[in-house]
Amino acid sequence: MQIRYLSLVLLLWIFSGAAVAQGLPPLSHSLTPMDPPIPAPPLSLPNLDEDKVALSDFGGKVVVVNFWATWCPPCRREMGSLERLHQATAASGVEVLGVNVGEDSDTIFSFLGTIDPSPTFPMLLDAEAETVDRWGVRGLPTTYVIDREGKVRYRAVGGREFDHPQILEAIRALAK
Amino acid sequence: MKGIAGRRWAWCWVFCAGLAWGNDTQQHVKDPVTGAETWAAESGGVFLSLTQILPDQLRAFYVNRGLTLDQIEPFATSCVFMTVLRNDSAPGPIHFRRADWRVRLDGKDRALTPTDKWLTALRRQGVEPPGLIAFRWAQFPREQTYRPGGDWNQGMLSVGLEPGQSFDLMASWRVEGVAAGNERGKLILKGVRCAD
């Protein structure tokens, strides 16, 4: 019993928390740099109120674009941390955009109500899954960080803890 | 509660043991609640795991995405695994193509069932675009590049075997930015078994 307890302490120390505590693969804590940075592809999609939102609307800001779906386990797990990132960086000129792939607004609304904290950043609908292909996404979730000049500076393939200090620091540095 | 604790331990040991015990150490655990088995190993900073998805779990998932039981039955019984591949600390970005992976059964190698084959069949059966989109994106990617530091995906992988059959999975990738001769990476999961 004592060995088991000590092992658990060690494991939780290594992976610090949430993912292991839920018995799931751990979320990553870092963003991978795009070298060299490339211009972000166009993005213009309806939001949940059916108003068009374009990446170009946020010119001069750092934008985090997250492609996701409600049925994708790592997407579900990282969604709360995206909202915490949004709350922590909005005042610094950082925008977060969620791009849902292939689902309807009812499904998305139902899901968002289950997330704590519930996302308040714009959710866009890529109903035909065309934008996700245009961006070269190959698996969900995939997240891009666009700098103030409209270039992709970081990419994250797979689930992340977006409110991890390492990620917050990288995004804040772009916004300065 | 006991079940949840059991699952915690299962995943803890799958992930941590691979890191702690180094290259090519294969782990095998069984979820005490669902009975689903996981095989996992790590090589050169790359982690791979296969977890059985039970046919009933697949039926429920896709019926919730608008498919009928008849439409999804061939896929649900095709030996499907939840697959995780992750570049924790390879010496560079890794690039894989699922078409390069092989299944070894009774000494013979065979390719995995391509996602496009399933999509063609589902389209013929009249599955609507939202169902096709969900199907396509829930699969493990056809190809992908993972940079070191934790790029990863989790998705479904159809092996195309019968329930209960055992096989070895040979996964391979190319490591970018390393000296010639060191660019090929591979991992073999041995004795993986299709869910009944």
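Conventions used here
Residues numbered from 1 in each chain as written. Chains lettered and ligands numbered in written order. Predicted model: local features only at pLDDT ≥ 70, side-chain atom pairs only at ≥ 80, totals over all residues. Heavy atoms only, no water. Helix = DSSP H or I, 4+ residues; strand = E, 2+ residues; numbered from the N terminus. Buried < 20%, exposed > 50% of the residue type's maximum accessible area, 1.4 Å probe, protein only. Areas by Shrake-Rupley, 256 points an atom, 1.4 Å probe, with all protein chains shown as cover. Pairing = 2+ DSSP bridges. Axes fitted to C-alpha atoms, helices over the stretch in contact; angles between N-to-C directions. Contact = heavy atoms within 4.5 Å. Parallel < 35°, antiparallel > 145°, perpendicular 65-115°, else oblique. Left-handed = near helix turned anticlockwise from the far one by under 90°. Nonpolar A, V, L, I, M, F, W, Y, C, P; charged D, E, K, R; others polar. Disulfide = S-S within 2.5 Å. Salt bridge = Lys/Arg side-chain N within 4 Å of Asp/Glu carboxyl O. Arc of directions from axis to C-beta.

Q: Lay out the overall build of chain B with the relevant residues and their values.
A: Counting its regular elements, chain B contains five helices and eleven strands. The buried share of chain B, reckoned over its 196 residues, is 52%. Per element, the accessible surface of chain B, about 8,700 Å² overall, is 51% carbon and sulfur.

Q: Describe the sheet that holds strand E4 (residues 62-68) of chain A, with residues and values.
A: Residues and elements named next belong to chain A. With respect to topology, six strands assemble into an open sheet ordered E1-E8-E7-E4-E5-E6, the strand pairing being mixed. Sheet topology places strand E1 (32-39) and strand E6 (123-126) at the edges, where each strand pairs with a single neighbour. With strand direction ignored, the average angle separating the axes of adjacent strands in the sheet is 25 degrees. Helix-sheet contacts for helix H3 (residues 73-89) involve E4, strand E5 (94-101), E6 and strand E7 (142-146), and the interaxial angle to E4 is about 165 degrees. Set on the sheet, helix H6 (residues 165-175) makes contact with E4, E5, E7 and strand E8 (151-157); between it and E4 the angle comes to about 135 degrees.

Q: Talk me through the packing of helix H4 (residues 115-124) of chain B against helix H5 (residues 129-138) of chain B; I want residue IDs and the actual numbers.
A: All names here are of chain B. Contact geometry for H4 and H5: axes closest at 10 Å, N-to-C directions at 165 degrees. Taken as axis vectors, H4 and H5 run roughly antiparallel relative to one another. Considering how the two elements wind past one another, H4 and H5 form a crossing that is right-handed. Contacts between H4 and H5 involve Thr115, Trp118, Leu119, Leu122 and Arg123 from the first element and Leu132, Phe135 and Arg136 from the second. Here the contact of H4 with H5 is composed, by residue class, of five nonpolar, one polar and two charged.

Q: How would you explain the state of the cysteines if you had to name every residue and give the values?
A: Here, the word disulfide means a covalent bond between the sulfur atoms of two cysteines. Scanning the entire structure with this criterion turns up two disulfides over all chains. With its sulfur 2.2 Å from that of its partner, cysteine 72 of chain A forms a disulfide with cysteine 75 of chain A. For the disulfide bridge between cysteine 72 of chain A and cysteine 75 of chain A, the dihedral angle about the S-S bond is near 80 degrees, and by the sign convention the bridge is right-handed. Two residues, cysteine 79 of chain B and cysteine 194 of chain B, share a disulfide whose sulfurs are 2.1 Å apart. For the disulfide bridge between cysteine 79 of chain B and cysteine 194 of chain B, the dihedral angle about the S-S bond is near -90 degrees, and by the sign convention the bridge is left-handed. Remark: cysteine 194 of chain B occurs in the segment after strand E11 (184-193) and cysteine 79 of chain B occurs in the loop between helix H3 (69-76) and strand E4 (80-87); sequence separation between them is 115 residues. Accessibility assignment for this pair places cysteine 79 of chain B and cysteine 194 of chain B in one class, buried.

Q: Could you give me a rundown of the packing of H3 of chain A against H6 of chain A, with the residues and numbers involved?
A: Residue and element names in this part refer to chain A. Direction vectors running N to C along H3 and H6 enclose 45 degrees, while the axes themselves pass 11 Å from each other. In terms of axis orientation, H3 runs oblique to H6. Crossing geometry of H3 relative to H6 is assigned as right-handed. Contacts between H3 and H6 involve Leu85, Ala88 and Thr89 from the first element and Leu168, Ile171 and Arg172 from the second. When the residues that make up the contact of H3 with H6 are grouped by side-chain class, the tally is four nonpolar, one polar and one charged.

Q: Outline the pattern of salt bridges, supporting the account with residue identities and numerical values.
A: Within the structure shown, the criterion is met by 15 salt bridges over all chains. One salt bridge in this structure joins arginine 84 of chain A and aspartate 163 of chain A, with 2.5 Å as the shortest N-O distance. Of the two residues, arginine 84 of chain A sits in helix H3 while aspartate 163 of chain A sits in the loop between E8 and H6, which places them 79 residues apart along the sequence. Looking at arginine 84 of chain A, the relative accessible area reads 34%, which means it is partly exposed. The shortest N-O distance in the salt bridge between arginine 86 of chain B and aspartate 88 of chain B comes to 3.0 Å. Classification of arginine 86 of chain B by relative accessible area gives buried; the value is 6%. In the salt-bridge network here, residues are joined through shared partners; they are Arg155 and Arg160 of chain A together with Asp151 of chain B.

Q: An account of H3 of chain B is requested, with residue identities and associated values reported.
A: Residue and element names in this part refer to chain B. Among all positions in H3, only Gln71, Ile72, Phe75 and Ala76 are buried. Buried residues along H3 cover an arc of 120 degrees about the axis, so they all sit on one side. Here the buried face of H3 lies against helix H2 (55-63), E4, H4, H5 and strand E9 (151-158).

Q: Lay out the environment of glycine 160 of chain B in plain terms, naming residues and giving numbers.
A: All names here are of chain B. The topology assignment puts glycine 160 in the loop between E9 and strand E10 (166-175). Take glycine 160: its relative accessible area is 30%, and that puts it in the partly exposed class. Note: C-alpha distance between glycine 160 and valine 103 (57 residues apart in sequence) is 9.4 Å. For glycine 160, the residues in contact, after removing those within four places along its chain, are Ser78, Cys79, Arg110 and Thr113.

Q: Explain the environment of phenylalanine 167 of chain B residue by residue, including any values.
A: You can see phenylalanine 167 of chain B is positioned in strand E10. When its relative accessible area of 2% is taken as the criterion, phenylalanine 167 of chain B is described as buried.

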